[in-house]
Structure formats: C-alpha cells, structure tokens
Amino acid sequence: MRIVLGVGGGIAAYKAASLLRLFTEAGHSVQVVPTEASTRFVGIATWEALSGHPVSTTVFDAVDTVNHVRLGHEADLIVVAPATADLLARAAAGLASDLLTNTLLMASGPVFFAPAMHTEMWNHPATQANVATLRSRGAVVMEPAIGRLTGKDSGPGRLPEPEDIYAAALAAAGEAGSAPAAGLLAGRRVTVTAGGTREPLDPVRFLGNRSSGKQGAAVAAAAVAEGAQVRFVAAHLEVPVPEGVELVQVETALELRDAVHDAVQSTDVLVMSAAVADFRPGENADTKIKKRDDGADPVITLVRNPDILAETVQNRSASGTGPSLIVGFAAETGDGSGSVLEYGRRKLERKGCDLLVLNQVGRSLVFGQDSTEVRILSPHEDPRIEPPALTGSKTDIARHLVERIAAELAGAPASSSTGAVPPG
Ligand SMILES: Cc1cc2nc3c(=O)[nH]c(=O)nc-3n(C[C@H](O)[C@H](O)[C@H](O)COP(=O)(O)O)c2cc1C
C-alpha cells in the first residue's frame, strides 16, 4: 500500500518514527508529511532517512510533481499520528494551509487519526465537535490512550502505542474496502527504471540518448496490472508515467544510481530498463559554453559513469541482501567480432544479473518504436541453445517479461519456448 503518514506538532511526534518503521517493514511505501510545528520535535532528516523519500511540510516544494494534489490522490491510506488539537480543527474545517491539510482534502482512500494532547484539550467541546465532524465524514479517529502526558500529569490524551496505531490503521484500511491486490505479482515490490539519462554539459546542453522509456513504462504498467507495488524511477521519458506507480524522477546517471540504491533496500525485483549513459562530461560548466573568438573548438572530456547494474548485483552478493531478482536490459549492435547474441551473453556474464533482456538496436530499431524483438537470457540456461526471439508490441513483451519474473520468483523459470508473444 502507499501510505501517507502525517505527523502533527506534539511531544509524541517521535513515536511516529516507530510507526513508520512498522509500515515500511511490512512492505508498505510511506510518504511522511509533517506539519511545520512537528519539525520542532522531529526533523525532516529523520523522516527522509527512515522513509527513503524526500519530505516537505509545504505545497511550495517540488511544485513540478504537484505534491499537494498527488499525495492525497495516490494514497491508499492516510494516517495522522500524532494528530494535534490544531490538526483535528484544521481538518474538520477543511483548511488547506500546508501540505498535510491539502493532502487530507485530496484523500481518495481511508483517513485515520491518532490524536494526542492534554486531557483538557481532548475533552474541550471544540475538539470533541471536530472529532465528531471528522467521524461523520467517514474518517476513523482513534480514542487516545490514558496515561502519562507531557508533564507530570496523566489522563486520557496519550498517543496510543505505535503497534496499536498500526493495527487499527490497517484495520481501518480493510474496513474501507481496500481489497488485497491479486495477480501474479501480488504483494511483490518491483522497481523499474526507464527512460534515457541526460548528462549536463552546461546549463542548456546535455548528452542524451534515444531511449523513449516506452518499454520500461510498459513493464511498470504490466507489473501494476499483476498486483505489484511498483516504484518507477524515470529518467527522460517520451511517454506518460503509468498509472498506479510510485514515481521517482531523476535526470542523470548518478541520480538514477542514488534512486536505485534507495530502492533496493526494499524491493523484491529490480528491472533496469533505463538507458543509462556510460559516460558523462568531466565538467558541467556553470555558464553556457560560448564560441571562442580565436576559433578554437571546445574539447569535451568524458568520464565513466558507475555501472549501476553490476554494482547492484555485487552489493547483493557482498551483503547477502537485496532484490531476489535483478533484470538487466541490453541494447546491442552486432559487428565483425560478435553477433548481438554473443554480445548479450558476454554482458550477462559481466553483469551477473538474473535475467537479461536483449534488444538489437539501430537508428530505426527499438528506440521509440511500438514493437520490438527481444531475447531473454538467463545464466541458468544452456548457452548452446539459442533462446527464442520474442516479437510483439512493447506491451506484449512487458507482459511476457512479468510472467517470466513471476515464474522465476516462484522458483520455476518458464522456458521461453515460443517466439511469438500472444497479442493483446
Ligand atoms: C512541548 C510542546 C508539546 C506539545 N504537545 C502537544 C500535543 O501533544 N498535542 C497538541 O495538540 N498540541 C501540542 N502542542 C501544541 C502544538 O504544538 C501547537 O498547537 C501547534 O500549533 C500544532 O501545530 P500542528 O497541528 O500544525 O502540528 C505542544 C506544544 C509544545 C511546545
């Protein structure tokens, strides 16, 4: 599930860190949205580090991703803990004065509040009226626990224990009818990278590539359709972002590497279909590179980018943790010293990934096209047997790949015995 965790400005804000952990360890993707006041108790760095996502209190950060609309709209569940008297009042009044209250107004799924405040504040008719209003609109407002409060006093108003909030919030999500996902990848977390990276030369120019992101977007959509929770790490795309994914936008190879590094901590499958630049300009000029008066041509020195796929495989071997399945993509052209298939096999061995989707590329082949021809290579298959060429639309290929991924995860690699992918 995609969960928004709203954190209000109460002394119990620190307990929301344990609640966050419970959600993430159960495989949920959590976006923390603290109020400005709550950052006086627990800082943004804590939420970013624990959730693995950028965190903001305001609608004016990351405006291009339209967070104030998107977060509430995409969330399967919104949990506010601790919910202060002030937050309950703002939510009941329908105010949209910060990112959290905007998100609450945009909620399309269940909304859950775990209040915490002094007994007098909780018992105040204003607070009780706000709670009644929120409940009448379908929100679940938990009763606070009775016990020690901020000072020496005690009574009703204490934040319930994180385990209790966790169980009650998930029950609320169930009651609100969020049925568990079904499909070949139900309950699986899949990260898909897509598109072409752009490596800046100066503020206006970059080195890019011809990748449209079509194939990666199709894989992400096919994984969503099979019930997976999908994180979509998008470099430059010429196609829309698929519905139902958690979007992480990147530009350069180094940004993509960071996004993959964050994702592998909590993903079952990594599909590396982005076209990542092998090299980047050694210098990124602060100002536009100008034509020189003496007529001399500029010299651009390229430096190697890290090999993100090989690095991720190595980290998995070294740590013993990471995705169960790592899928690479290779776009190869044959030449005098090897066929496309030979280059693909060498690449599979070099990278050490579990599956390699091999494309033959050329100026008019693969990039930006709707249909394609691929072979899926596995280190476990007999190299003397040529894997069949699969032809079809990128959507067909994506569906086939997702079926293959599901079979590999189930420990029964499907043998790709037919070359034609069934249409539609
Ligand atoms: C030390 C301290 C502890 C506080 N604890 C609470 C609390 O537990 N519950 C509450 O409703 N307000 C509490 N407040 C008051 C809120 O911080 C204040 O109402 C603030 O405006 C809440 O903003 P928010 O609802 O936007 O997070 C506390 C304030 C301080 C200084």
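All residue numbers here refer to positions counted from 1 along the written sequence of the relevant chain. Reporting in this predicted model follows two pLDDT cut-offs: at least 70 for local features of residues, and 80 or more for side-chain atom pairs to be given and counted; totals over whole chains, interfaces and linings ignore these cut-offs and use all residues. Hydrogens and water molecules were not included; the side-chain quantities draw on all heavy atoms of the structure.

Going by an unreviewed UniProt entry, the protein carries the name Coenzyme A biosynthesis bifunctional protein CoaBC and comes from Arthrobacter gandavensis.

Colleague: Account for the packing of aromatic side chains, with residues named and values stated.
Modeller: Pairing of aromatic side chains requires ring centres within 6.5 Å, counting the rings of Phe and Tyr and the six-membered ring of Trp. Pairs whose planes differ by under 30 degrees are stacked, by over 60 edge-to-face, and all others tilted. Across all of its chains, the model carries one aromatic pair by this definition. Here the aromatic rings of Phe23 and Tyr166 are separated by 5.3 Å at their centres, their planes lie at 50 degrees, and the arrangement is tilted. With Phe23 in helix H1 (residues 15-25) and Tyr166 in helix H8 (residues 162-175), the pair connects residues that are 143 residues apart, well separated along the chain. Here the guanidinium or amino end of Arg346 rests over the ring plane of Tyr343, the centre of that ring lying 5.0 Å away. Note on conventions: DSSP H or I runs of at least 4 residues are helices, E runs of at least 2 residues are strands, and numbering of each starts at the N terminus. The rule is short: NZ of Lys or CZ of Arg within 6 Å of the ring centre and within 35 degrees of the ring normal puts a charge over the ring.

Colleague: Could you give me a rundown of the site of the ligand, with the residues and numbers involved?
Modeller: For each residue, the test is whether any non-hydrogen atom lies within 4 Å of the molecule or strand; if one does, the residue is near. For the ligand, the set of nearby residues contains 15 residues, the closest of which are Gly9, Thr35, Thr84, Arg90 and Ala116. N or O atoms within 3.5 Å of each other form a polar contact, as long as, within protein, one can give a hydrogen and the other can take it, and as long as residues adjacent in sequence are counted only when both atoms are side-chain atoms. Take Ile11: an N or O atom from its main chain is 3.5 Å from a nitrogen atom of the ligand. Protein coverage of the free-state accessible area of the ligand, which is 640 Å², stands at 66%. Sort the elements by how many residues they give to the shell around the ligand and helix H4 (residues 85-93) lands first, with four residues. For this scheme, ten residues count as nonpolar: Ala, Val, Leu, Ile, Met, Phe, Trp, Tyr, Cys and Pro. Four count as charged, namely Asp, Glu, Lys and Arg, and the remainder, Gly too, count as polar. Class assignment for the residues of the shell around the ligand results in eight nonpolar, five polar and two charged. In short, Shrake-Rupley with a 1.4 Å probe defines the accessible areas, and a residue's cover is counted only from the protein chains shown.

Colleague: For the sheet that holds strand S2 (residues 29-34), give the residues involved together with the corresponding values.
Modeller: Strand order in the open sheet formed by five strands is S2-S1-S3-S4-S5, with parallel pairing between adjacent strands. Looking along the sheet, the strands with just one partner apiece sit at the ends: S2 and strand S5 (140-141). DSSP calls a pair of strands paired once it identifies at least 2 bridges connecting them. With four bridges connecting them, strand S3 (residues 77-83) and strand S4 (residues 111-115) associate as parallel partners. Residue pairing in the sheet places Ala83 in a bridge with Pro115 of S4. On top of the sheet, H1 reaches strand S1 (2-7), S2 and S3; it is set at about 180 degrees to S1, its chief contact. We call two residues contacting when some pair of their heavy atoms lies within 4.5 Å. Only C-alpha atoms enter the line fits that serve as axes; for helices the fit covers just the stretch in contact. Angles between N-to-C directions range over 0 to 180 degrees.

Colleague: I'd like to hear about the sheet that holds strand S19 (residues 390-393), residue by residue, with values.
Modeller: Two strands in a sheet stick together by hydrogen bonds in their backbones, pointing the same way (parallel) or opposite ways (antiparallel). Read from one edge to the other, the open sheet built from eight strands follows the order S12-S11-S8-S13-S16-S17-S18-S19, with strand pairing classed as mixed. Only two strands of the sheet have a single neighbouring strand rather than two, namely strand S12 (246-249) and S19. Each strand of the sheet is rotated relative to its neighbour by a mean of 20 degrees, with strand direction disregarded. Direction of pairing for strand S17 (residues 355-360) relative to strand S18 (residues 371-377): antiparallel, over a ladder of four bridges.

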